[in-house]
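# Remarks on the overall topology
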Amino acid sequence: MTSTSDELSAEDQKLVTLARATRARTGAAEGAAVRDSDGRTYAAATVDLPSLQVSALGTCIAMAVASGSAGLEAAVVLTEAAELAAVDLAAVRDFAGTGVVLHLGDPRGTIGASSTS
């Protein structure tokens, strides 16, 4: 399903803003933000160190898990990639199952595609 930023709910638009700000602040390849099943949000950028590489969405999921979250409602990933990485989709499904709303957008925050896990 294709979507634009104007069609997002206010809560999902907040995720776009958080992901965009995090990516811009760090200069990372990707920015991501998630909303957990309790309404808490987590935002992160790609970690790309010689000894540790984690995608922005992977970092958000790790933060949610470490905070005791029980699941996710929605996620936004802002990247140059044309599709969500298979490992990121697998991590969403491992942690939160199916039905999580996933928005994929460019680094400027324009959402090009939306789907569910």
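Up top you'll find the structure we're talking about.
Residues numbered from 1 in each chain as written. Predicted model: local features only at pLDDT ≥ 70, side-chain atom pairs only at ≥ 80, totals over all residues. Heavy atoms only, no water.

### Some remarks on the overall build of the chain
To keep things clear, this is the line we draw: Going along the chain from the N terminus, every DSSP run of H or I of four or more residues is numbered as a helix, and every run of E of two or more is numbered as a strand. Throughout, the radius of gyration refers to the C-alpha atoms, and the reference size of a globule is 2.2 Å times the residue count to the power 0.38. Relative accessible area decides the class of each residue, using a 1.4 Å probe on protein chains only: under 20% of the type maximum gives buried, over 50% gives exposed, and in between gives partly exposed.
Within the chain, the secondary structure is distributed over three helices and seven strands. The globule rule puts the C-alpha radius of gyration for 117 residues at 13 Å, and the 13 Å found for the chain is close to it. Considered along the principal axes of its C-alpha atoms, the chain spans approximately 40 × 30 × 25 Å. Across the 117 residues in the chain, those meeting the buried criterion constitute 44%.

### Some details on the pattern of salt bridges
Note the threshold: Definition used for salt bridges: Asp or Glu carboxyl oxygen within 4 Å of a side-chain nitrogen of Lys or Arg.
By the definition in use, this model includes five salt bridges. The partner of Arg108 in a salt bridge is Asp106, with the nearest N and O atoms 2.6 Å apart. Accessibility expressed as a relative area gives 61% for Arg108, which makes it exposed. Accessibility expressed as a relative area gives 17% for Asp106, which makes it buried.

### Overview of the sheet that holds strand 1 (residues 31–36)
As a reminder of what qualifies: Strands pair, by our definition, only if DSSP identifies at least two bridges between them. Fitted lines through C-alpha atoms give the axes, limited to the stretch in contact for helices. The angle between two N-to-C directions lies from 0 to 180 degrees. The contact rule is simple, with two residues in contact once any of their heavy atoms fall within 4.5 Å.
The strand order across the open sheet built from five strands is 2-1-5-6-7, with neighbouring strands paired in mixed fashion. The open sheet has two free edges, formed respectively by strand 2 (41–45) and strand 7 (111–116), since each of these has just one partner strand. Across the sheet, the axes of successive neighbouring strands diverge by a mean angle of 15 degrees, strand direction being ignored. Pairing of strand 1 with strand 2 involves five bridges; the strand directions are antiparallel. Note on strand 2: the bridge partner recorded for Val34 is Tyr42. Sheet strands in contact with helix 1 (residues 10–26) are strand 1, strand 2, strand 5 (72–78), strand 6 (101–105) and strand 7, and its direction is about 40 degrees off that of strand 5.

### Considerations on the side chain of His103
Put simply, the rule is: Pairs of N or O atoms within 3.5 Å make up the polar contacts considered here, provided that, within protein, one atom can donate a hydrogen while the other can accept it, and that residues adjacent in sequence are counted only when both atoms are side-chain atoms.
Examined against the element boundaries, His103 turns out to sit in strand 6. Exposure remark for His103: the relative accessible area of 7% places this residue in the buried category. At a separation of 2.6 Å, a polar atom in the side chain of His103 contacts the side chain of Ser114. Aside from chain neighbours lying at most four places away, what touches His103 is Leu8, Asp12, Ala75, Val76, Val77, Ile111, Ala113 and Ser114.

### Some thoughts on the side chain of Ser55
Within the fold, Ser55 resides in the loop between strand 4 (52–54) and helix 2 (56–66). A polar side-chain atom of Ser55 sits 2.9 Å from the main-chain amide nitrogen of Gly58. Those residues within four positions of Ser55 in sequence are excluded, and the remaining contacts are Glu30, Thr46 and Asp88.

### Quick look at the nonpolar core
Our working definition: In this description, a nonpolar core means a group of buried Ala, Val, Leu, Ile, Met, Phe, Trp, Tyr and Cys residues linked to one another through side-chain atoms lying within 4.5 Å.
The biggest cluster of nonpolar side chains holds 17 residues, and the ones touching the most others in it are Ala32, Val34, Leu57, Ile61, Leu72 and Val92. Elements supplying a minimum of two residues to this core: strand 1, strand 2, helix 2, strand 5, helix 3 (86–96) and strand 6. The element contributing the most residues to this core is helix 2, with five residues. For Ile61, the contacting residues outside a window of four places in its chain are Leu72, Ala91, Val92 and Phe95. Of all hydrophobic cores here, the second largest spans nine residues; its members include Ala19, Ala33, Leu78 and Ile111.

These figures capture arrangement, not role.
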